[in-house]
Amino acid sequence: MQKLDAKLLEILVCPLTKGPLEYDREAQELISKQAGLAYPIRDGIPIMLIDEARKLDDADA
């Protein structure tokens, strides 16, 4: 499991809301609670495409 660079995490925002993201290391996702989306991280690279994001369910939010 790769760790996301802290400096990268500081500058990334949700492409939909421009709001903050939370790093879920276990799931390898960046979570946008405002948008209700989880952006995947593949091979250490955040995939910041709305079409690639997973909708959060009630348990995630």
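Predicted model, so just to flag it, every value in this text is computed and none were measured.

Caption draft 1: Geometry of the pairing of strand 2 (residues 29–32). Here strand 2 shows a buried face lined by E29 and I31 and a second buried face lined by L30 and S32. Sheet analysis places strand 1 (residues 22–24) next to strand 2, joined by 3 bridges and oriented antiparallel. Each bridged residue has a counterpart across the sheet, and for E22 the counterpart in strand 2 is I31. Counted along the chain from strand 1 to the antiparallel partner strand 2, the turn is 4 residues long, and its residue Q28 has a positive phi close to 55 degrees. Sheet analysis places strand 2 next to strand 3 (residues 37–42), joined by 4 bridges and oriented antiparallel. Paired with I31 across the two strands is A38, which belongs to strand 3. If you look at the hairpin formed by strand 2 and strand 3, you'll find 4 residues sitting between the two strands, and G36 has a positive phi there, around 70 degrees.

Caption draft 2: Inspection of unusual backbone geometry at higher detail. The phi torsion at Q28 lies on the positive side, around 55 degrees, for a residue other than glycine. You can see Q28 is positioned in the loop between strand 1 and strand 2. For D43, which is not a glycine, the phi torsion comes out positive at approximately 55 degrees. Mapped onto the secondary structure, D43 falls in the loop between strand 3 and strand 4 (45–46).

Caption draft 3: Main features of the side chain of S32. Its location among the elements puts S32 in strand 2. Judged by relative accessible area, which is 0%, S32 ranks as buried. When neighbours within four sequence positions are excluded, S32 is seen to be in contact with C14, T17, P20, L21, L37, Y39 and L56.

Caption draft 4: Representation of the nonpolar core within the structure. Ranked by size, the top nonpolar core spans 9 residues in total: L4, L12, C14, L21, L30, L37, Y39, I41 and A53. In this view, L12 contacts L21, L30, P46 and M48; residues no more than four positions away in its chain are not counted.

Rules and cut-offs
- Residues numbered from 1 in each chain as written.
- Predicted model: local features only at pLDDT ≥ 70, side-chain atom pairs only at ≥ 80, totals over all residues.
- Heavy atoms only, no water.
- Buried < 20%, exposed > 50% of the residue type's maximum accessible area, 1.4 Å probe, protein only.
- Helix = DSSP H or I, 4+ residues; strand = E, 2+ residues; numbered from the N terminus.
- Pairing = 2+ DSSP bridges.
- Contact = heavy atoms within 4.5 Å.
- Core = buried A, V, L, I, M, F, W, Y, C linked by side-chain atoms within 4.5 Å.

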